[in-house]
Every structure is written in C-alpha cells, then in structure tokens.
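# Topology and contacts: notes
Each chain, written out:
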Amino acid sequence: MRDVLAFATADDVADAAAFLFVNLAAQGVRDRGAFYVALAGGTTPLSCYRLLSAPLISSRVDWEKTHVFFGDERCAPEGHPDRNDEAAAAALLRHVPIPARNVHRVPVAERDAAERYESDIRGAFSIFSPSSAKGIPRFDLVFLGMGPDGHTASLFPGHASLEEKQRLVLHIDDSPKPPPRRVTFTLPLLNAARHVALLVTGKDKAAALARVLVDDMALPAARVRPPAGTLTILADAAAVSDSRNPPAAGTSR
Ligand code: 6PG
C-alpha cells in the first residue's frame, strides 16, 4: 500500500515523521517485543530526529527495546561529520537513553563491511522479529530520503546495485553523490519492511517526486514498494509542486 501525505512545510513533514516513528515503535514493542528501525542519511530527516530527541516525545519510546540501523553509510572515518551515523547521533542518539549495543553502525573501515553488516542485521533479527516469507529481516520502519535524481539510500539511477536480488547490503565505490564509497541496503531488504517512510522536501526534489508518483521505475525511489508493507511518502508543498493532481496539503492519496 502507498500513502502520499502532503504538508505545507518541511517542519510539518518532520512532525508527521516523528509521530510515525513513535507509533510504530509502540506497535513493534507491543506485537514483537522490539522495534527495528533504519535511519536515513542526508539532511531531510534531521529535523525529525531532533524532534524525537525532545524529552516529551523521546519519553514515549522504549529505547531499551529499540534497535537502530542505517539504510546507508558513507565510507568516512568514524566520527566524521559526513557520516550518517554521526549526523543521527548528534541530532538524536546522544540525547536518548538507547543502549550502545542497540545502535548498529556500519563497519565501513572493514574491507567486507557490507557482508559484516548483513550478518549483523540477520543476527539482530533472529532473536525477536520473524523475517519475511523469503527469510529477509523485516524492519518495522525504514526512513528514506530522496535525491533530485531520484536516488534513495545509496541506490542510484542506472547502477547495477539496483538489480541485486539476493544480497541485503552492498558496497559501492562509484556513488555520483560524494563520497564515492558507500554501503547501502538493497531493494530486497528495503522492500521487506513493514513500513517505509520516504521523506521528500524542497523544490529541487519536485521533478523526481512527480516521476516517482507515476511509477517511473528508472528512479530507484520508485522501486521502493514493500509488497507486504506500507510505503508512506511524506512531502511538503514545494516537493509536490510538479506532481499532477497532488494531494492537497494535509491530505493523503
Ligand atoms: C546519503 C543519503 C541519501 C539522501 C538523499 C537526500 O547518504 O546521502 O542516504 O540517500 O537521503 O541524497 O539527501 P538530503 O536529505 O540531504 O536532500
């Protein structure tokens, strides 16, 4: 199922995304004893992460039972500001009582980082949450952003990684968005999720979003459609401005 939610501003998108996180966290813990979430990189989700770090909101999340992963990571030194885990730590993870063992960083310094991360994901899930019918771990929530070219995570248009059908995590060394070396979830892992939230704000994303909404499969973001889950696209007015018959702000389609 796909929901498209249009909001007046990027702040409204951040509010809605934080609300979704809190609700799905409560549902995951209630139904399966744990909440598995993959955070997005880039700048769009940072407002949502900062909202989640506010005590009034963060107190509603059972961080002891929350497991955080990263949908992609740039191959930069640990603690480097370019790292997606560092951005998430600064905006959220350092400000909430999540046990260090529950934050699963990508071991980018290792030559076989992608294989190690895939094993980490499979191992973390074997304890609580049943995998999908194909034995793929099912994240309760995957946050994603989207670039102006329609890339998502570190899956880029025309890249061989888009056609991967078996591996759950891949290493790429030719990202058109710097830095070139990255580790990324693949579509099989993204599409096994129970819920994917694609956060899209800004006029520079409008052309790509319009193509995603008409299922232009040349765009990686258009290929994120969890068959047994829900995709929610949360966009601001600027990002839906090129879309034919977009939902009015504050509505869904
Ligand atoms: C990354 C991200 C990437 C990001 C988009 C949007 O590591 O760069 O995972 O996929 O989500 O490029 O980036 P912005 O949110 O900064 O526009």
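Summary of the structure given here. (Residues numbered from 1 in each chain as written. Predicted model: local features only at pLDDT ≥ 70, side-chain atom pairs only at ≥ 80, totals over all residues. Heavy atoms only, no water.)

### Quick word on the pairing of strand E3 (residues 66–70)
We apply this condition: Relative accessible area decides the class of each residue, using a 1.4 Å probe on protein chains only: under 20% of the type maximum gives buried, over 50% gives exposed, and in between gives partly exposed. Put simply, DSSP H or I for four residues or longer makes a helix, DSSP E for two residues or longer makes a strand, and each gets a number counted from the N terminus. The pairing criterion is simple: DSSP has to find at least two bridges between the two strands.
Among the 5 residues in E3, 5 count as buried, and that is most of the element. The alternating pattern of E3 places Thr-66, Val-68 and Phe-70 and His-67 and Phe-69 on opposite faces, both of which are buried. Pairing geometry for strand E2 (residues 35–39) and E3, over 5 bridges, is parallel. Each bridged residue has a counterpart across the sheet, and for Val-37 the counterpart in E3 is Val-68.

### What about the pairing of E2?
Most of E2 is tucked away: 5 of the 5 residues are buried. What you see with E2 is no split at all: Phe-35, Val-37 and Leu-39 on one side and Tyr-36 and Ala-38 on the other are buried throughout. As judged from the 2 bridges shared by E2 and strand E5 (residues 141–144), these two strands associate in the parallel manner. When the sheet's bridge partners are listed, Ala-38 is paired in E5 with Val-142.

### Considering the site of the ligand
Put simply, the test is: Here a residue is near a molecule or strand as soon as one of its heavy atoms is found within 4 Å of it. Polar contact is defined as a pair of N or O atoms within 3.5 Å, subject to the rule that within protein one atom must be able to donate a hydrogen and the other to accept it, and that residues adjacent in sequence are counted only when both atoms are side-chain atoms. A 1.4 Å probe and the Shrake-Rupley method give the accessible areas. Residues count as covered only by the protein chains that appear here. For this scheme, ten residues count as nonpolar: Ala, Val, Leu, Ile, Met, Phe, Trp, Tyr, Cys and Pro. Four count as charged, namely Asp, Glu, Lys and Arg, and the remainder, Gly too, count as polar.
Among the 16 residues in the neighbourhood of the ligand, the closest are listed as Thr-43, Thr-44, Asp-72, His-151 and Ala-153. The contact in question runs from an oxygen atom of the ligand to an N or O atom on the side chain of Thr-43, over 2.7 Å. Within the side chain of His-151, an N or O atom sits 2.6 Å from an oxygen atom of the ligand. Considered on its own, the ligand offers 420 Å² of accessible surface; in the complex 92% of this is hidden by protein. Looking at side-chain class alone, the shell around the ligand contains 2 nonpolar, 9 polar and 5 charged residues.

### Side note on the packing of aromatic side chains
To be explicit about the condition: Working definition: a ring pair exists when centres of Phe, Tyr or Trp rings (six-membered ring for Trp) sit within 6.5 Å. Plane angles under 30 degrees give stacked, over 60 give edge-to-face, the rest tilted.
Tallying each qualifying case throughout the model produces 10 aromatic pairs. Between the aromatic rings of Phe-21 and Phe-143, the centroid separation amounts to 6.3 Å while the plane-to-plane angle is 25 degrees, which identifies the pairing as stacked. Pair noted here: Phe-21 is in helix H1 (residues 10–32) and Phe-143 is in strand E5, with a separation of 122 residues, a long-range link. For the pair Phe-21 and Phe-143, one class covers both residues: buried.

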